[in-house]
Amino acid sequence: MSTDSYLRIANVEYFADENGTQTIESVRNQPFASSEKKTIPPTAKVIWLKIAVPEKLQTWEQDAVLFTGSNETALSMEGFITHDQGVEYWGYPMPTLQYTFPVKKSEFKNRIYFLKVVPGASGINNEFYFMKQSYFNKATIFLVHFIGLSTGVYLVVALLALIFFSSFKEPSFLIYALFYLNLLASITINRGIWDAYRPSDIVFTGSTLVFPVLILTVFFDLLFIRAFFEIKKRHPRLNLIYMIFLAAIVGIIFLSFFPETQVLAWKIFTPAVFSTMFLTSVSLVYFIWKKRLWAEQIATAWSVAIVCNLIWAGYRAGVIEGFWFFGYFAIFGRTLEGLILNTVIFQKLQKLTLKVGFAQAQGEESKVIKTLLRTLSHDLSNTTQLVKTTAQVLKENANDPNTTKNVDRILQAAQEQSDIIENAKNSFLVRGKHILNLVPVNLKKSINEVIEMYQPEIKRKSLLIVVNVEDNLQVVAEKTSLTHQVLSNLISNACKFSHDGKNIHIVASFQEPSTIELKIKDEGVGIPHQLLDRIFDDEVDIRQVGTKGEMGTGSGLLIARDFMAVYGGALQVESIVDKGAEITLRFQGFK
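Remember, predicted model here, so these are calculated numbers, not experimental data.

Asks: Is there a simple way to explain the overall build of the protein in this structure?
Replies: Looking only at helices and strands, the protein features 17 helices and 19 strands. Looking at the protein as a whole, 49% of its 591 residues are labelled buried. Partitioning the intrachain contacts of the protein with sequence separation of at least 6 by distance along the chain shows that 75% fall at a separation of at least 24. Counting only carbon and sulfur atoms, one obtains 58% of the accessible surface of the protein, whose full area is about 28600 Å².

Okay, here's the thing in structure tokens:
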């Protein structure tokens, strides 16, 4: 492929110098073979490459650069120039983000370039370009920013994951941190940064470390999925398969450190990578089918990484012809994967924060835990409120329809963030009875407050809410949480999953002298059987879309159940698909 700014060398000829004894004077007269494959195998101690100047290059009005592509496994590379007057030593490539040789405009005619390469175990990637100097300068600036962004993402994510691990001792956070530290190491090695700044007393060169670093990416992929979804505890048979794959990867890494088995390790590399991709993909599909929490988000991130890696692999193998940046798609994919996985990691952090809050309410406290909870429930709440207020002001004064649309998105994101924070604050209160002031609460007044709150939704769907509760009926509860967490969540769900014009019945009755039973029954879509059995499993994603496309967090029933436990009561769920759901609350009552 070529453009006005760069062109790819269609045919690089090569000569295998088995013993490495050839010189530039002698090798010029040797028969060079045409390299039809994308990768030239490491069949000799030294590989000589022969590159003729394309005719198109002679039309360029500026200096050029020979861009050597992704040859990070080459042990060494140096160049020579031959012409009518003899031979010139071209030198070693410039240590930029990719190995390059300068080509002056005066050298465009009657020049042949030779590269003497000591190949690594993976061979030589036959990917060479001539680039205009001006284009190369722009490409270098772009790559510096791209690599800088990628390394920044990797480093920040890894450090945050380490901080979270130190606070919560959650294994998946540690593996996540190691995964991105390994990606950071991969960039520094592949781009020549390691060799440029490596202390002389360290014997491991970039070409030695590139294989372990590449395959460790796959290793940490498997470890992360295994830890995040608790495969060892929940899926023993699947765990056995994962352990076999992990042991095999360790064995392949072991092979890569010995010269006699390095070539074998590189031959096994591609099948090993695609096998682990298949295993991970099948696992994620299974977890999505089982409605495991966050499985869809992780599958999305994984799919992005797989697609980008397939493009990169196809480009390296010569199957895909195109833009030279395809050689960086593996990094690009992992960067996008990291940005998507970050949302999952922070959601899991919030979930762990809730658990820590429960432990704290029971007396298991620490300064680190208090700081995290205070940040989540107070400082972050203030920031979110500021975003919402500012966005509302912008919306009221915006004339541009696109601006209004974007501000709507800000408001929606801020509202979702507020909901998560509110859930965290509520759940933090739940598990310690001594921090809730349980008093007699008028049940009907609380129900009416919630119904008034949801009047817009009720009117929009033309719902009829029938309340059969005595005016003076009192239950043991805490007024704010009963109204805004328990009843609000349950009545909101009843409205959300009801079709237009249907009825919602709210009925209270005495079951025993000191027990009051409240039933909230709708005529909506109901809860699927497979979810009903696991409705209170916090590892299962129970989110459903309402009849008008309404979205929820899936935590409303959990919050209501936990508050009912604090009140000394209970919550029960019954449902028939397409006929509706019935929630039963049992309180201690006051006559």
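Asks: For this particular structure, what's the right way to read the sheet that holds strand S1 (residues 6-8)?
Replies: Within a sheet, adjacent strands bond to each other through the backbone by hydrogen bonds, running parallel or antiparallel. Read from one edge of the open sheet, four strands run S1-S12-S6-S9, paired in antiparallel fashion. Edge positions in the open sheet fall to S1 and strand S9 (100-103), since each of these has one partner strand only. Neighbour-to-neighbour, the strand axes of the sheet open up by a mean angle of 20°, direction not taken into account. Bridge analysis of S1 against strand S12 (residues 129-132) gives three bridges, and the strand direction is antiparallel. Bridged to arginine 8 within S12 is tyrosine 129. Sheet strands touched by helix H2 (residues 133-168): S1, strand S6 (64-67), S9 and S12. Its angle to S12, the strand with the most contacts, is close to 95°.

Asks: For this particular structure, what's the right way to read helix H13 (residues 443-453)?
Replies: An α-helix turns once per 3.6 residues; consequently, residues spaced three or four apart project the same way. Where H13 is concerned, the buried positions are Leu443, Ser446, Ile447, Val450 and Ile451. The buried side chains of H13 occupy one side of the element, clustering within an arc of 135° when seen end-on. The exposed set on the far side of H13, more than 90 degrees from its buried face, consists of Lys445 and Glu452. For H13, the N-terminal cap is asparagine 442; the gap from its side-chain oxygen to the backbone nitrogen of lysine 444 is 3.2 Å.

Asks: What exactly am I supposed to notice about the pattern of salt bridges here?
Replies: Two side chains bearing opposite charge may form a pair once their charged atoms approach each other closely. Counted by the stated rule, this structure contains twelve salt bridges. Aspartate 500 is the salt-bridge partner of lysine 548, the closest N and O atoms lying 3.2 Å from each other. Pair noted here: lysine 548 is in the loop between helix H16 (529-532) and helix H17 (556-566) and aspartate 500 is in the loop between helix H15 (479-496) and strand S16 (503-512), with a separation of 48 residues, a long-range link. The exposure class assigned to aspartate 500 is partly exposed, which follows from its relative accessible area of 43%. Taken together, the shared-partner salt bridges in this structure form one network comprising Glu517, Lys519, Glu582 and Arg586.

Asks: In this structure, what is going on with the confidence of the model for the protein? I would like to understand it.
Replies: Residues shown with low pLDDT carry predicted positions that ought not to be read at fine detail. Predicted confidence across the protein gives a mean pLDDT of 78, with 78% of residues reaching 70 or more. Scored below 50 in pLDDT, residues 377-383 shows nine contacts in the model against residues more than four places distant or in partner chains.

Asks: Would you explain empty space enclosed by the protein in this entry?
Replies: Where empty space is left in the structure can be found by rolling a water-sized probe over the atoms. On inspection of all chains with the given rule, the structure shows four cavities of 30 Å³ or more. Lining of the largest cavity is provided by Tyr176, Phe179, Asp221, Phe224, Ile225, Ile298, Ala301, Trp302, Glu337 and Leu341. The set of elements that each furnish at least two residues to the lining of the largest cavity consists of helix H3 (171-190), helix H5 (206-228), helix H9 (295-317) and helix H10 (329-361).

Asks: So what exactly am I meant to see when it comes to a nonpolar patch on the surface here?
Replies: The grouping of Leu155, Leu159, Leu162, Leu178 and Leu181 at the surface amounts to a nonpolar patch, some 370 Å² of accessible area in total. Broken down by secondary-structure element, the contributors of at least two residues to the nonpolar patch are H2 and H3. At three residues, the largest contribution of residues to the nonpolar patch is made by H2. The residue leucine 159 is located in helix H2 in this model. For leucine 159, a relative accessible area of 47% corresponds to the partly exposed category.

Asks: I keep staring at the sheet that holds strand S10 (residues 112-118) and nothing clicks. Help me out?
Replies: Spatial ordering of the open sheet is given by S3-S2-S5-S10-S7-S8, a layout of six strands whose pairing is antiparallel. Two strands close off the open sheet at either side, each with one partner strand: strand S3 (33-34) and strand S8 (86-91). Pairing geometry for strand S2 (residues 13-17) and S3, over two bridges, is antiparallel. Note on S3: the bridge partner recorded for glutamate 13 is serine 34.

Asks: Would you take a moment to explain the packing of helix H7 (residues 236-256) against helix H8 (residues 262-289) for this structure?
Replies: Two numbers describe a pair of packed helices, the interaxial angle and the distance between the axes. At a minimum axis separation of 10 Å, H7 and H8 run at an interaxial angle of 160°. Comparing their axes, H8 and H7 come out roughly antiparallel. H8 is crossed by H7, and the crossing has left-handed handedness. For the pair H7 and H8, the contacting residues are Leu238, Ile241, Tyr242, Phe245, Ile249, Ile252, Leu255 and Ser256 in the first and Gln262, Leu264, Ala265, Ile268, Ala272, Ser275, Thr276, Leu279, Thr280, Ser283 and Phe287 in the second. Of the residues belonging to the contact of H7 with H8, the class tally is 13 nonpolar, six polar and no charged.

Asks: Would you take a moment to explain the packing of H13 against H15 for this structure?
Replies: Contact geometry for H13 and H15: axes closest at 9 Å, N-to-C directions at 55°. The angle between the axes of H13 and H15 places the two elements in the oblique class. The two elements H13 and H15 cross, and the hand of that crossing is right-handed. Residues Leu443, Ser446, Ile447, Glu449, Val450 and Met453 of H13 form the contact with H15, whose own contacting residues are Lys479, Leu482, Thr483, His484, Leu487, Ser488 and Ile491.

Asks: How do you make sense of the nonpolar core when you look at a structure like this?
Replies: Among soluble globular proteins, nonpolar side chains are generally buried collectively. If you look at the biggest cluster of nonpolar residues, it comprises 80 residues, and the most contacted ones within it are Tyr180, Phe224, Ile225, Phe229, Ile298, Trp324 and Tyr328. Core analysis: the second largest hydrophobic core is formed by 41 residues, Ile451, Leu487, Leu571 and Leu585 among them.

Asks: Can you walk me through the environment of glutamate 230 in this structure?
Replies: Locating glutamate 230 in the fold gives a position in the loop between H5 and helix H6 (231-234). Sequence spacing of glutamate 230 and serine 172 is 58 residues, and the spatial spacing of their C-alpha atoms is 9.2 Å.

Quick notes on the rules
Residues numbered from 1 in each chain as written. Predicted model: local features only at pLDDT ≥ 70, side-chain atom pairs only at ≥ 80, totals over all residues. Heavy atoms only, no water. Helix = DSSP H or I, 4+ residues; strand = E, 2+ residues; numbered from the N terminus. Buried < 20%, exposed > 50% of the residue type's maximum accessible area, 1.4 Å probe, protein only. Contact = heavy atoms within 4.5 Å. Areas by Shrake-Rupley, 256 points an atom, 1.4 Å probe, with all protein chains shown as cover. Pairing = 2+ DSSP bridges. Axes fitted to C-alpha atoms, helices over the stretch in contact; angles between N-to-C directions. Arc of directions from axis to C-beta. Polar contact = N/O pair within 3.5 Å; in protein donor to acceptor, adjacent residues only side chain to side chain. Salt bridge = Lys/Arg side-chain N within 4 Å of Asp/Glu carboxyl O. pLDDT = per-residue confidence, 0-100. 1 Å grid on protein atoms, 1.4 Å probe; cavity = no way out; pocket = protein on both sides within 12 Å on 5 of 7 lines; lining within 4 Å. Points joined across faces, edges and corners; volume = space filled by probe spheres on them. Patch = residues over 30% accessible without salt bridge, like charges linked within 9 Å, V, L, I, M, F, W, Y side chains within 5 Å. Parallel < 35°, antiparallel > 145°, perpendicular 65-115°, else oblique. Left-handed = near helix turned anticlockwise from the far one by under 90°. Nonpolar A, V, L, I, M, F, W, Y, C, P; charged D, E, K, R; others polar. Core = buried A, V, L, I, M, F, W, Y, C linked by side-chain atoms within 4.5 Å.

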